[in-house]
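Observations on the three-dimensional arrangement
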Amino acid sequence: MNRTVLRRMLREPSGLLGLVLLVLVLLVALAGPYIAPNSPTDTLGTVGAPPGGGFALGTDYLGRDVLSRLLNGGRSVIFIGLTATILAYIIGVIAGLYAGYRSGIRDTVTMRSVDVILAFPPLLILLLLVGGFRQHVWVLVVGVVIVQTPGIARITRTATLSVSKTSYVEAAQTRGDSTRTIWRKDIIPNIQAVLLADFGIRFAVSIVLIASMNYLGLGLAPPASDWGLMMSENQSIISLNPMAVLGPAIMLALLTVSINLIADAYLRAISGGQDNIVKRLRRAPRTPAGLPLEPAPVPGEGSLT
Amino acid sequence: MTRLDTVVDESKGAEVISLEDLRVDTASGMPIVEGVSLSLDEGQILGVVGESGSGKTTTALALFGFAQGGAELARGTIRLPGHAPFELATSKDLRVLRGHYVSYVPQSPGTALNPVMRVSRALREMQEHRNRGDTDARRDLEAERDEVLAVVGLPNTHEFQQRFPHQLSGGQQQRVCLAVALLSGSQTIVLDEPTTGLDVITQASVLDELRRLQRTRRVAMVYISHDLAVVSELATHVAVMYAGNIVEIGTAEQVLTRPAHPYTRGLLSSTPDYRRAGLPAAMPGVAVSLSDRSEDACSFAPRCALATDECRAAAPSLRPLPWAAAAGGAPGNGGRHDASCYHPVGSPFSVTARELPEASPIDVGAVLGVERLTVEHHVRGQRVAAVTDVSFAVARGECLALVGESGSGKTTIARAIAGLQPYETGSITLHGEQMAQPAARRTREQLRRLQIVFQNASLALNPREDVRAAISRSSNLCTKESRRPLEELMELAGLQPGLLGRLPRQLSGGERQRVAIARALATNPEVLICDEITSSLDVSVQAAVLATIEDLQAKLGLALLFITHDIGVVAALADRVMVLQRGSVCEAGPTRSVLDEPKSEYAKRLMDAAPSLSVGN
């Protein structure tokens, strides 16, 4: 990402808002443990006490301080969720590129394998994994990757298929560019809009998956604090202290929304704030499509570079 | 605004529609079209020509009270006999116009027909629309459908009516659209480039059909086209548009034989025509963009050789030409001939083609050789022969043109040579050296020597790469010493160096194709394959691109394989021509002899169908 793109992103209100929100959520997650007023794991009050009386956000289903748990629960979500989603993207995009670019038998084999994975319910895959291995953070990550990869591979393949048929890819082939160069320069830049469009949603799904694994006791074991885990474990006291569920839910929502806003702003920035370019084009000199004329020195030339 | 009586021919019938003082604005209030007036009598075909962006489609759409997204009908009146005038800017019942008084045949029939509707259903929709609230409308709808299909030259069998659009050929789709327009019963049909996507033979038959409809049904038509040759074969009247104004209007004969406006003359000169040799003359400059139009100067002045201070001081208005005014006042003399120019020319127009330099002696020994090439496509498990047993050779400095209808295998041959299309049998050689089938298995030297320029320039450039990156990537095939500097490549392709930092979307169509040419030249090739490289360009731009190709060939001694469906382009550029029919060669030989005295039946049909700038036939 170069500086122009970043500048364009920040000039937009939505891009700026997304970035501010993301920084805010990251601050809470990273610095939270150091500013938490209480221990996240000690039972300190009555069960499900509403906000007030020494606990700014009340207490949870075991009488622990919701605020302290909230401040402690961000790291695992962001670390595991983001790692797993990014890994899933790396594997899924490569599989999709391979299938879409190398059509024929290689496409069929890749995509049918993907379909096999899709045929299993996600939770079954996760149960199998946890049954086979011990409870560990990496089991969670691998589980999420297995569940998420097929979808990413499918959309990548579809987008790749149409881009692979364009003349600019064929032009690259006729001058002998390597497959890696073609992927990197011709295909990925032109399908990234499709890929990024649902990154935020996929990230949110990953978090929910991790939370449900935690809830089932398959991932991080209680009493670990984790936004996803907090949402599920406090469902029984939602009427006593709604903040025990709403607090982590709001944090997760802010995280997802901020990522979506940034992805959108990025896509708009690379597609070049169409209006500005039209305006600049009008000022810049036009090349005659006719025979080459003398290039007239026009002030403002080069404003596009 | 003066109203234009373009239609005073006594043999013609009554006026069916007139449009007065049209103005269409963009959302920001800039006029796309301003002060356009025209009228049509029954049985009249008005050809509207101009480069892209001249406002011809906008004007035609306004005839039925429609404006494209982002545009707004700001002013204008439509008058119909027996109906109160429609004020386009304010009227609430413009829908009445559509499909009752004016119907429309859109540019690409492939997307105009709903893909899930069978032919019969598409026709029935129009019948139902027409009959809505009309108690004495025709009731025998089925018989009427059969009738209209016969009128447009389609089989009126039940089987045909049960087909879906994708089961029809392009020409059939266009005829179905025409049938729908006829069913509306409206007396005016607006046709927007109806034959642009069709090959010449189909185009000729659709044009025949239109001529017949005009004669038998006395329908008035507005025929929009960028192709003056087509218009000259069909239209009774011609309006030339530039920068949102009509700059010249009159009967086809007047406009095409004694064109008054320099722009009209430029357009005529840049139209390729197979009946003349040499390159069409390019018009300098590009069509003025929307924001650069000036209210107090002739918008054509910057491109005009005849422009004087007067032209730059005030915009001329459309007015009768002195020589036509004398004659045109009286009925029966073919109507008035108007132009908006201070210095109308009006001398009889003779085609000025840039004569080609004496054919340089062709080096002995072919650079590119194709031997008994056979290509099959696999369609749903079946093998369909696309190219059968085609052999040819191209020498250094020679231009071989491949012509034929769509589906004749021209592009397949080009792709096979470029290594993009696997083939069954045959061999493709470069300097006598056999090349591997897929491009990936060819040597770097082979790749470097043979380059291809694709049909659609907007798809041929990576939208995320600027001009510099696009061209540099190709240069990498050359060794450091033999690499041409970017500036030289830009100049060869006729591009300003200032464009190097631009992305493809910031370029005009002609510039994009030039970048694609520069990219191909960057490898310093010996063979250049040009696959319909000018078919998506305006004639004036096309003429300039063809001139560039011609120069390059002379300067660099390229062996050119030029693929086109346009016989006029072949005549302008090719040394030899090869006519393809359903995948095999049906005639080959020196260009002039094939064009002037075609021997095979098919080539004869192709030449007959080729539109030519000729009036009075």
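Rules used in this analysis
- Residues numbered from 1 in each chain as written.
- Chains lettered and ligands numbered in written order.
- Predicted model: local features only at pLDDT ≥ 70, side-chain atom pairs only at ≥ 80, totals over all residues.
- Helix = DSSP H or I, 4+ residues; strand = E, 2+ residues; numbered from the N terminus.
- Buried ≥ 20, exposed ≤ 12 C-beta atoms within 10 Å, placed from the backbone.
- Contact = placed C-beta atoms within 7 Å.
- Core = buried A, V, L, I, M, F, W, Y, C linked by C-beta atoms within 7 Å.
- Domains from an automatic or database assignment.
- Pairing = 2+ DSSP bridges.
- Axes fitted to C-alpha atoms, helices over the stretch in contact; angles between N-to-C directions.
- Nonpolar A, V, L, I, M, F, W, Y, C, P; charged D, E, K, R; others polar.
- Parallel < 35°, antiparallel > 145°, perpendicular 65-115°, else oblique.
- Left-handed = near helix turned anticlockwise from the far one by under 90°.
- Expected span 1.5 Å × (residues − 1).

1. Overview of the overall build of chain A
- Looking only at helices and strands, chain A features 13 helices and zero strands.
- Along the chain direction, N to C, the helices and strands of chain A fall in the order α-α-α-α-α-α-α-α-α-α-α-α-α.
- Considering chain A as a whole, with its 305 residues, one finds that 41% of them fall into the buried category.
- Across chain A, every contact between residues at least 6 apart in sequence was considered, and the portion connecting residues at least 24 apart equals 66%.

2. Quick word on unusual backbone geometry
- Non-glycine residue Arg372 of chain B carries a positive phi angle of around 45°.
- When you line up the elements, Arg372 of chain B lands in strand 15 (residues 366-379).

3. Some points on the nonpolar core
- Ala179, Val222, Tyr223, Val240, Ala518 and Leu561 of chain B are the most contacted members of the largest nonpolar core, which has 256 residues in total.
- The leading source of residues in this core is helix 12 (residues 243-270) of chain A, at 13 residues.
- Lining this core are residues from two domains, each supplying at least three of them: domain 1 (15-266) and domain 2 (366-609) of chain B.
- What Ala179 of chain B contacts, discounting residues up to four positions off in sequence, is Leu123, Val148, Leu149, Val152 and Leu154 of chain B.

4. Some thoughts on the pairing of strand 2 (residues 31-41) of chain B
All names here are of chain B.
- Counting buried positions over the eleven residues of strand 2 gives nine, a clear majority of the element.
- Sheet analysis places strand 1 (residues 15-26) next to strand 2, joined by eight bridges and oriented antiparallel. Within the sheet, the bridge partner assigned to Arg23 lies in strand 2 and is Glu34.
- Between strand 1 and strand 2, which pair antiparallel one after the other, the connecting turn spans four residues, and Gly29 there sits at a positive phi close to 90°.

5. Considering the sheet that holds strand 6 (residues 102-105) of chain B
All names here are of chain B.
- Spatially, 6-7-8-3-9-10-13-12 is the arrangement adopted by the eight strands of the open sheet, whose pairing is mixed. The sheet is open, and its two edges are formed by strand 6 and strand 12 (319-320), each paired on a single side.
- Where strand 12 and strand 13 (residues 338-339) come together, two bridges link them in antiparallel fashion. Paired with Arg319 across the strands is Ala339, a residue of strand 13.
- Against the sheet, helix 10 (residues 262-270) engages strand 3 (45-49), strand 9 (237-242) and strand 10 (245-251), with an angle of about 100° to strand 9.

6. Some remarks on the domain arrangement of chain B
Residues and elements named next belong to chain B.
- Per the domain assignment, the segments making up chain B are domain 1 (15-266) and domain 2 (366-609).
- Contacts between domain 1 and domain 2 engage ten residues on the former and eleven residues on the latter.
- Element by element, the count of residues in the side of domain 1 that touches domain 2 is highest for helix 7 (residues 200-217), at four residues.
- Taken together, the residues that form the side of domain 1 that touches domain 2 break down as four nonpolar, four polar and two charged.

7. Notes on the sheet that holds strand 19 (residues 433-434) of chain B
Residues and elements named next belong to chain B.
- The strand order across the open sheet formed by four strands is 16-15-18-19, and the pairing between neighbours is antiparallel. Edge positions in the sheet fall to strand 16 (382-395) and strand 19, since each has one partner strand and no second.
- Alignment of strand 15 against strand 18 (residues 425-430), held across five bridges, turns out to be antiparallel. Bridge pairing in strand 18 links Glu371 to Ser427.

8. Thoughts on the packing of helix 5 (residues 105-119) of chain A against helix 7 (residues 137-164) of chain A
Residue and element names in this part refer to chain A.
- Their axes nearest at 9 Å, the elements helix 5 and helix 7 cross at an angle of 140°. With respect to each other, helix 5 and helix 7 are oriented oblique. Crossing handedness for the pair helix 5 and helix 7: left-handed. Contacts between helix 5 and helix 7 pair Met111, Val114, Ile117 and Leu118 from the former with Ile146, Pro150, Ala153, Arg154 and Arg157 from the latter.

9. Focus on the environment of Leu613 of chain B
Residues and elements named next belong to chain B.
- Residue position: Leu613 is located in the segment after helix 22 (601-609).
- Judged by local crowding, Leu613 falls into the buried class, with 23 C-beta atoms found within 10 Å.
- As for Leu613 and Gln581, which are separated by 32 residues in sequence, their C-alpha atoms are 25 Å apart.

10. Here we look at helix 6 (residues 170-183) of chain B
Residues and elements named next belong to chain B.
- Between its first and last C-alpha, helix 6 extends 20 Å over 14 residues, near the 20 Å set by a 1.5 Å rise per residue.
- Of all 14 residues in helix 6, 13 are buried; the element is thus mostly enclosed.
- Backbone geometry just after helix 6 places Gly185 at a positive phi near 75°.

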